[in-house]
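Spelled out from the first residue to the last, the chains are:
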Amino acid sequence: MNKKELVRKAIASVKQEDVNAVKHNNYPPCIYMEGELPQKKIKNAIESFASDCMPEDVAALVEEDLLCSGKKGYLFTAEAMYYDRSRLDEKRLPRPLPYDQIMQVELGGSRNTHLVFTLRDGRRVDVYCGVRANFLRLALRAVLCALAGEMEPESDAEVIPEMVSESDAEVILEVMSEEDIEVIPEAVSEAETEVVPEMVSESDAEVILEVMSGEDIEVIPEVLSESDADVVPETVPKAKGKDEKCIRAMELFQNGMKAYEANNYTKAFSCFKQAAEQGYAEAQFKYGQMYYNGEGVEKDDAEAMNWFQKAAQQECAWAQFFCGLMYAYGKSVPRNGYEAMNWFQKAAEQGLARAQYECGARYYHERNTDKNRDKAREWLEKAAAQGYEEAIKMLQNKFGQ
């Protein structure tokens, strides 16, 4: 058996129940193996984050993009794993990451959303990678064992307790110290946190959420505008329950996405509804989106917000972001700048570049203090590091960077 086939079988051996057994972790929404690889998605993945990879070298594609474009996620070849820069820290890990450079990979972080790599050059690298951490840990372990000619390890989803408890810390992006992230002090009043009134007009409140690529997003710098809602959800699914129920919810969601892309809103609405009612967070978000846009159902902001909140409570970053939009515009809920910022920051702390930009812009337009300017720069730099163009422009215009 050749190495590419070994890698493919190793990744296929990772069981969904083993991944989901670790809290705050979930199995990927779409995985394609050699023999069933969609060529358009492979092309997009290679152009997006694996430019030196050839299509024939791909053993598996793990997709993260809800549009199913292939532009976000991981590519596995016989020799290495490729990843887009929003998934792992390429400044600390090689990209691609060769399997022969990995000695060990473990879970880390207070919420098991980090991977701790022990590399053959002696380095121990701790990187944030979100709810895919346990999947990647199990997949890479299986690949290493397969390539070494060993038996696949039994499920070891149980995690060694961390020194820091879940209540002690939130997810720390890109392995930062706790001092690096500060939330808005409780002493700050709602009036202080509210966006400057003239920044938000009544017309701004008609936010239309449309499915489009990240490159299509156009945002008026520093202003929460109608186009802010033109985003591609990139977050990950959260499902309650395991095994058959979870698999069924995932299948419904994927069927819903295919129908949605084909503008078959009636079928998409039905699929998203069934998956959402089973607790699948991304389906809850998409179901809310259809109520928000009036796609396949009469437009209903209150029902949209209901489903956004359900998904946001399961840490769906785009749902958290849109909860922020709803509070910022006062759509189906009272306008509340403090509550909007709270939701934006939750999404930003999960690494969502659009939310990081929003936090930076809002800090900049708050009281003109050194602390607020420092926080504005910090969030804008995080968004800019992910290539978010509006953050890059604002850093240049406001901070001369």
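Right above here is the structure, for reference.
Criteria and cut-off values
Residues numbered from 1 in each chain as written. Predicted model: local features only at pLDDT ≥ 70, side-chain atom pairs only at ≥ 80, totals over all residues. Heavy atoms only, no water. Salt bridge = Lys/Arg side-chain N within 4 Å of Asp/Glu carboxyl O. Helix = DSSP H or I, 4+ residues; strand = E, 2+ residues; numbered from the N terminus. Buried < 20%, exposed > 50% of the residue type's maximum accessible area, 1.4 Å probe, protein only. Contact = heavy atoms within 4.5 Å. Pairing = 2+ DSSP bridges. Axes fitted to C-alpha atoms, helices over the stretch in contact; angles between N-to-C directions.

S.K.: Could you give an account of the pattern of salt bridges, naming the residues involved and the relevant values?
M.R.: Within this structure, the stated rule accounts for 14 salt bridges. For Glu5, the salt bridge is made with Arg8, and the minimal N-O distance between the two is 2.6 Å. Placement of the pair is Glu5 and Arg8 together in helix α1 (residues 3-12), with a separation of three residues, close to one helical turn. The partner of Glu106 in a salt bridge is Arg124, and the shortest N-O contact between them spans 3.4 Å. Here the residue Glu106 occupies a position in strand β6 (residues 102-108), and Arg124 occupies one in strand β8 (residues 124-128), the gap between them amounting to 18 residues. Given the relative accessible area of 54%, Arg124 is considered exposed. Overlapping salt bridges bring together Lys299, Asp301 and Lys331 as one network.

S.K.: Hey, could you go over the environment of Trp343 for me, with residue numbers and the actual values?
M.R.: Examined against the element boundaries, Trp343 turns out to sit in helix α11 (residues 337-349). For Trp343, a relative accessible area of 11% corresponds to the buried category. Distance in space between the C-alpha atoms of Trp343 and Cys323 is 6.3 Å, their sequence separation being 20 residues. Sequence-distant contacts of Trp343, defined by excluding residues within four places in its chain, comprise Ala312, Gln320, Cys323, Gly324 and Tyr327.

S.K.: Describe the sheet that holds strand β5 (residues 97-98), naming the residues involved and giving the relevant values.
M.R.: Ordered in space as β1-β2-β3-β4-β5, the five strands form an open sheet in which the pairing is antiparallel. Because the sheet does not close on itself, it has two edges, and the strands there are β1 (30-33) and β5. Judged from the two bridges that link them, strand β4 (residues 80-83) and β5 form a sheet pairing that is antiparallel. Following the sheet pairing, Ala80 is matched in β5 by Pro98. Running over the sheet, helix α3 (residues 39-49) touches β1, β2 (58-63), β3 (73-77) and β4 and is turned about 100° from β3. Against the sheet, helix α4 (residues 133-147) makes contact with β1, β2, β3 and β4, and its axis sits at roughly 0° relative to β3, the strand it touches most.

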